[in-house]
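Survey of secondary and tertiary structure
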Amino acid sequence: MSNNTLTITDNRTGKQYELPIENETIKALDLRQIKVSNDDFGLMTYDPAFMNTASCKSRITFIDGDKGILEYRGFPIDQLAEKSSYLEVSYLLLHGELPTESQLKDWTWNITHHTFINESIKQVMDGFHYNAHPMGMFISMLGALSTFYPDAKDIFNEEARWKQIYRLIAKAPTIAAFAYRHRIGMQYAYPDNDLSYEGNFLNMMFKTTELKYKPDPVIERALNVLFILHADHEQNCGTNAMRSIASAQTDPFSSMAGAAAALYGPLHGGANEMVLRMLSEIGSVNKVPDYIKRVKAGEFRLMGFGHRVYKNYDPRARIIKQVADEVFEVTGKDPMLDVALELERIALEDEYFVKRKLYPNVDFYSGIIYKALCFPVDMFPVLFAIPRTAGWLAQWAEMLGDADQKIARPRQVYLGQRTREYVPMAERNGKTEGAIA
Ligand code: CMC
């Protein structure tokens, strides 16, 4: 008998079962054989929020949450942040290896030559109210783009798949910047393909009357590092949404709209926006202790703190803190930084946070940098979504090639009523039981 098995005794029947263990997991379907009687459905696992369920095998991103390790395709995040570029990292995520010089040149050419969007998209954008949230516009534009590229439905055609990958990575900054320009009532600035990926994004955001926009190299580099840090993060809420939607063979534009919608939430990529709002609300260093007291009393959460996987300092937050210093040398220090540093200092010493292993996450410092770079607060989730495009697409492509995957369809534990007689209107008593829990 192999040792790599799990023996389970069902105390209801006294029967024993031996389940294989592979990659430190058992297959949930192997539990189905555990039955009380022949017509019994069989045992399932109950795991709301996937706290302990692996939904896929992946070779893209590795996280050790206890040790605070993050690697893309085996390369530590700090090395990539220091030495690489976002476009190189997106190649790495999608191809599995770092590109040679000529491969990177081709990749960059392909991305750069898909940055423009169809002129009709501008009319869709113009339909939004003047104060529409840019993340809402970004999500809608992704869905709208799917209608412009019917070939995106051809997901089992490798050439068509790569085309959508180029398009999505290239156009994400364009629709993001156009959403911002619409929001502030300025004419759209078209892509400038002479510039880097990040430089062009800054151009589309901030170009005014100058004939040629010249990005500040320190700011361009800072954005590049931020994009690298946000490029992928294995099976988080947004990526799980991407895989789940795409498992129905939905095109990648529509799937990514769903992934971006998940990212929008304040517990996920929307947290960077909430951090800035929180820091503004606190206002000054001397108000921090009182704020922490209210967090501990359960009034609200400390935004930018805690993580489902990291039970240690988020390695991305550590790198972002260093980038902040470089940015502030150009832009001048933001007083919010002192409030953030004090929040972090107190929280890291406080028993409430220590006991629960709550450390700053990627969103804690990113917002302060974005603010220093003159991005409005409601653009922050969009700034998370742009670089996550590469990760979402890498996970999508991996899923399509995985023979184990099928349409995502969880089970449920049904606790509601069973087969009842329809009640005529005159006999109903109007009492509802748990209509909306
Ligand atoms: N402030 C105060 N208490 C917290 C916080 C927080 N930010 N996060 C978790 N806790 C407490 C929580 O109340 C619970 O306490 P208790 O055991 O007494 O009930 C305990 O810590 C465990 O929390 P949980 O909700 O079970 O943990 P989770 O893994 O489900 O949630 C999280 C992870 C990120 C949603 C959560 O930590 C949170 O809400 N953080 C604030 C939002 C945030 O910064 N999100 C960005 C995440 S990083 C970017 C990304 O990848 O999306």
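Residues numbered from 1 in each chain as written. Predicted model: local features only at pLDDT ≥ 70, side-chain atom pairs only at ≥ 80, totals over all residues. Heavy atoms only, no water.

1. A word on the sheet that holds strand β5 (residues 75-76)
Across a sheet, paired strands are connected by hydrogen bonds in the backbone, their directions being either parallel or antiparallel. Put simply, the test is: Strand pairing is defined by DSSP finding a minimum of two bridges between the two strands. Helix and strand assignments come from DSSP, with helices taken as H or I runs of at least 4 residues and strands as E runs of at least 2, each series counted from the N terminus.
The three strands lie next to each other as β3-β4-β5, forming an open sheet whose pairing is antiparallel. Looking along the sheet, the strands with just one partner apiece sit at the ends: β3 (61-64) and β5. Two elements, β3 and strand β4 (residues 69-72), share four bridges in a ladder whose sense is antiparallel. Residue D64 lies in a different strand from β4, and its bridge partner there is I69.

2. With respect to the environment of K122
Keep this limit in mind: Residue contacts follow a heavy-atom distance rule, with two residues in contact if any of their heavy atoms lie within 4.5 Å.
Inspection of the secondary structure assignment puts K122 in helix α4 (residues 119-126). Sequence separation between K122 and I175 is 53 residues; the distance between their C-alpha atoms is 9.2 Å. Setting aside residues no more than four positions away along its own chain, K122 makes contact with F178, Y188 and Y190.

3. Here we look at the packing of aromatic side chains
To keep things clear, this is the line we draw: Two rings from Phe, Tyr or Trp (for Trp, the six-membered ring) form a pair when their centres are within 6.5 Å of each other. A pair whose planes differ by under 30 degrees is stacked, one over 60 is edge-to-face, and the rest are tilted.
In total, this model carries 23 aromatic pairs according to the counting rule given. Consider the rings of W107 and W162, whose centres lie 6.2 Å apart with planes at 90°: the pair is edge-to-face. Of this pair, W107 sits in helix α3 (residues 101-112) while W162 sits in helix α6 (residues 158-184), and the two are 55 residues apart along the sequence. Ring geometry for Y180 versus F206: centroids 6.0 Å apart, planes at 75°, classification edge-to-face. On the criterion of sequence distance, the pair formed by Y180 in helix α6 and F206 in helix α7 (residues 197-206) is long-range, its members being 26 residues apart.

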